[in-house]
Amino acid sequence: MMNILRIRINFFDQLFFSEKTCKNVMADDPPAKQGFVQEFMGFLKTFGIIGLAIAFVIGAAASKLVTAFVNDIINPIVGLALPSGDLKGLQSNIVNSATGAVSEFKYGDFIANIIDFLIIALIVFIMYKVLSRFRLVDDKTKKT
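Attention here is on the structure that accompanies the text.

Analysis parameters
- Residues numbered from 1 in each chain as written.
- Predicted model: local features only at pLDDT ≥ 70, side-chain atom pairs only at ≥ 80, totals over all residues.
- Heavy atoms only, no water.
- Helix = DSSP H or I, 4+ residues; strand = E, 2+ residues; numbered from the N terminus.
- Expected span 1.5 Å × (residues − 1).
- Buried < 20%, exposed > 50% of the residue type's maximum accessible area, 1.4 Å probe, protein only.
- Contact = heavy atoms within 4.5 Å.
- Patch = residues over 30% accessible without salt bridge, like charges linked within 9 Å, V, L, I, M, F, W, Y side chains within 5 Å.
- Areas by Shrake-Rupley, 256 points an atom, 1.4 Å probe, with all protein chains shown as cover.
- Salt bridge = Lys/Arg side-chain N within 4 Å of Asp/Glu carboxyl O.
- Pairing = 2+ DSSP bridges.
- Core = buried A, V, L, I, M, F, W, Y, C linked by side-chain atoms within 4.5 Å.
- Bend = angle between axes of the 7 residues up to and from the residue.

1. Section: helix α4 (residues 107–133)
Compared with the 39 Å implied by 1.5 Å per residue over 27 residues, the 39 Å span of α4 between its first and last C-alpha is a close match. Among the residues of α4, those classed as buried are Gly 108, Ala 112, Asp 116 and Ser 132. Check the buried side of α4 and you find it contacts α3 (49–79).

What follows is the structure, given as structure tokens:
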């Protein structure tokens, strides 16, 4: 039983963790053969997938934070100056004279989403400026 287990472990080690190379008779040698795990790790490093995933998660969390800031702080402050008392509550109702159907145009919600977007865009711009100052990001606007 132990021999079968060792054979299986050796097989999987060679399949996934192989660093052996194939020699070609041709003048150009093909790249060294890699195991599946090594090839996958190379893919992650080459295309920066891990950094992209981290940025995506942090971006989603920052977006929630900004949305909460706009909903809980900005909208009530702006709402103090509005007759409706809330920015998101601003709307215009138009009645169809033929059918009597009412259409609601919620422009207050639209304005709140514009404020949300502008704050997120400002944060991204500031982060870009900070990262480019420390040369962690290439500044495409400057000619070399």
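2. With respect to a nonpolar patch on the surface
On the surface, a nonpolar cluster with roughly 590 Å² of combined accessible area is contributed by Phe 36, Val 37, Phe 40, Met 41, Phe 43 and Phe 47. Its place among the elements puts Phe 40 in helix α2 (residues 36–47). Looking at Phe 40, the relative accessible area reads 42%, which means it is partly exposed.

3. Here's the deal with the pairing of strand β1 (residues 92–95)
Judged from the four bridges that link them, β1 and strand β2 (residues 102–105) form a sheet pairing that is antiparallel. Paired with Asn 93 across the two strands is Glu 104, which belongs to β2. Hairpin connection between β1 and β2: a loop of six residues separates the two successive antiparallel strands, and Gly 100 in this loop has a positive phi of roughly 85°.

4. Overview of the pattern of salt bridges
Evaluated as defined, the whole model comprises two salt bridges. A salt bridge links Asp 109 to Lys 88, with the shortest nitrogen-to-oxygen separation between them at 3.7 Å. Residue Asp 109 is found in helix α4, and its partner Lys 88 is found in the loop between α3 and β1; the two are separated by 21 residues along the sequence. What makes Lys 88 partly exposed here is its relative accessible area of 31%. For Lys 106, the salt bridge goes to Glu 104, with nearest N and O atoms at 3.8 Å.

5. A look at the nonpolar core
Counting residues in each nonpolar core, the largest one holds five residues, listed as Val 66, Val 70, Leu 87, Leu 90 and Ala 112. When neighbours within four sequence positions are excluded, Val 66 is seen to be in contact with Asp 116, Ile 119, Ile 120 and Ile 123.

6. Side note on the environment of Pro 76
In this fold, Pro 76 is placed in helix α3. Along the sequence, Pro 76 and Leu 87 sit 11 residues apart, while their C-alpha atoms lie 7.1 Å from each other.

7. Here we look at α3
End to end, α3 covers 43 Å across 31 residues, agreeing with the expected 45 Å (1.5 Å per residue, within 8%). Maximal helix bending in α3 amounts to about 35°, located at Val 70. Every buried residue belonging to α3 is among Val 66, Val 70, Asn 75 and Gly 79, and all of these are buried. Contacts made by the buried residues of α3 are with α4.

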